[in-house]
Amino acid sequence: MELGLLYSGGKDSTLAALVLDRFYDITLVTAHFGITDEFEHAREAAAATDFEFRALELDRGVADDAVELMLDDGYPRNGIQHVHEQALEAVAGLGFDAIADGTRRDDRVPTVSRAQAQSLEDRHDVDYISPLVGFGRGAVDRLVDAELDVEVGPSEEIPRADYEAELRALLAEERDEDAIREVFPDHDQTYVHGLRD
């Protein structure tokens, strides 16, 4: 069966791919807006872990709406959630038998409720799978440490292909660098360089 996994090049989505690899033919799908070429980082991480890769350009209006939500809220949660929901919709429309993401139990954002998952499945005749939803951060970190070569550091310094990179660029374009600091709290990101030997 063919599965499209929403992919950022980070530890969670890569671990999700490893968990599902025994059961599905996986294509890692990175959604982007064409604002930057950050999605290429995901392509490199996919190649380093030996998975098929596809870039999927979303409508720029989704990013504009997300930035507006973030500026209104003064925090990124609702904007990131909006983009994730739209990305899942887009991947669900690509003809895969199943779609997945790297959301886990302790995530604040993005999240996928049971109702959202069932709606995706019903409307697109696709299975939605969240293989890490039962894993807490500690369990994920231990599995990642055992299996993946990962770089960890401040969000603005780590190569990545998550929604945040392009939304930061759009915030800077529409407002300024200060808007990024006002919306996004300091936090770490991860980037996968490959599998451990």
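- The chain appears in an unreviewed UniProt entry as Asparagine synthetase domain-containing protein from Halobacterium jilantaiense.

**Comments concerning the pattern of salt bridges**
Part 1: Inspection of the entire model under this criterion finds 14 salt bridges.
Part 2: Two residues, Arg160 and Asp162, come together in a salt bridge whose shortest N-O distance is 3.3 Å. When sorted by exposure, Arg160 lands in the same class as Asp162, which is buried.
Part 3: Taken together, the salt bridges that share partners define one network made up of Glu156, Arg160, Asp162, Glu164 and Arg168.

**Observations regarding the packing of helix H3 (residues 60-73) against helix H4 (residues 77-92)**
Part 1: Two numbers describe how H3 lies on H4: the axes approach to 7 Å, and their chain directions differ by 160°. Accordingly, the angle class assigned to the pair H3 and H4 is roughly antiparallel. The crossing of H3 and H4 is right-handed. Contact with H3, carried on its side by Val62, Asp65, Ala66, Leu69, Met70 and Asp73, involves Asn78, Gly79, His82, Val83 and Gln86 of H4 and no other residues of that element.
Part 2: By residue class, the composition of the contact of H3 with H4 is 5 nonpolar, 4 polar and 2 charged.

**Quick notes on helix H7 (residues 163-174)**
Part 1: Taking 1.5 Å per residue, 12 residues should reach 16 Å; H7 reaches 16 Å between its end C-alpha atoms and fits that length.
Part 2: Restricting attention to buried positions, one finds in H7 the residues Tyr163, Glu164, Ala165, Glu166, Leu167, Arg168, Leu170 and Leu171.

**Looking at H4**
Part 1: Along its 16 residues, H4 runs 22 Å from first to last C-alpha, staying within 8% of the 22 Å computed at 1.5 Å per residue.
Part 2: What H4 keeps buried is the set Gly79, Ile80, Gln81, His82, Val83, His84, Ala87, Leu88, Val91 and Ala92.

**A look at unusual backbone geometry**
Part 1: Of note, the bond from Val109 into Pro110 is cis; its omega dihedral lies within 30 degrees of zero at -10°.
Part 2: Residue position: Pro110 is located in the loop between strand S4 (98-100) and helix H5 (114-124).
Part 3: Its identity as a non-glycine residue notwithstanding, Asp50 has a phi of 65°, on the positive side.
Part 4: Judged by relative accessible area, which is 70%, Asp50 ranks as exposed.
Part 5: Of note, the phi angle at Asp125 is positive, near 50°, even though the residue is not glycine.
Part 6: On the secondary structure map, Asp125 appears in the loop between H5 and strand S5 (127-129).

Conventions and cut-offs
All residue numbers here refer to positions counted from 1 along the written sequence of the relevant chain. Where local features are concerned, this predicted model is filtered to residues with pLDDT of at least 70; where side-chain atom pairs are given and counted, the filter is 80 or more; whole-chain, interface and lining totals use all residues. Just so you know, side-chain values use all the structure's heavy atoms and leave hydrogens and water out. Only one rule defines a salt bridge in this text: a Lys or Arg side-chain nitrogen within 4 Å of an Asp or Glu carboxyl oxygen. Partly exposed residues are those whose accessible area sits between 20% and 50% of the maximum for their type, while under 20% is buried and over 50% is exposed, using a 1.4 Å probe and protein chains only. Lines fitted to C-alpha atoms define the axes here, with helix axes fitted over just the stretch in contact, and angles between the N-to-C directions of these axes take values from 0 to 180 degrees. Starting at the N terminus, helices and strands are each numbered in turn, a helix being any DSSP run of H or I of at least four residues and a strand any DSSP run of E of at least two. Here the angle decides the label: under 35 degrees means roughly parallel, over 145 means roughly antiparallel, 65 to 115 means roughly perpendicular, and every other value means oblique. In this scheme the crossing of two helices becomes right-handed for a clockwise turn of the near helix relative to the far one and left-handed for an anticlockwise turn of less than a right angle. Whether two residues are in contact is decided by their heavy atoms: any pair within 4.5 Å suffices. The residue classification treats Ala, Val, Leu, Ile, Met, Phe, Trp, Tyr, Cys and Pro as nonpolar and Asp, Glu, Lys and Arg as charged. All others, Gly included, are polar. Helix span, as expected, comes to 1.5 Å for every residue beyond the first.

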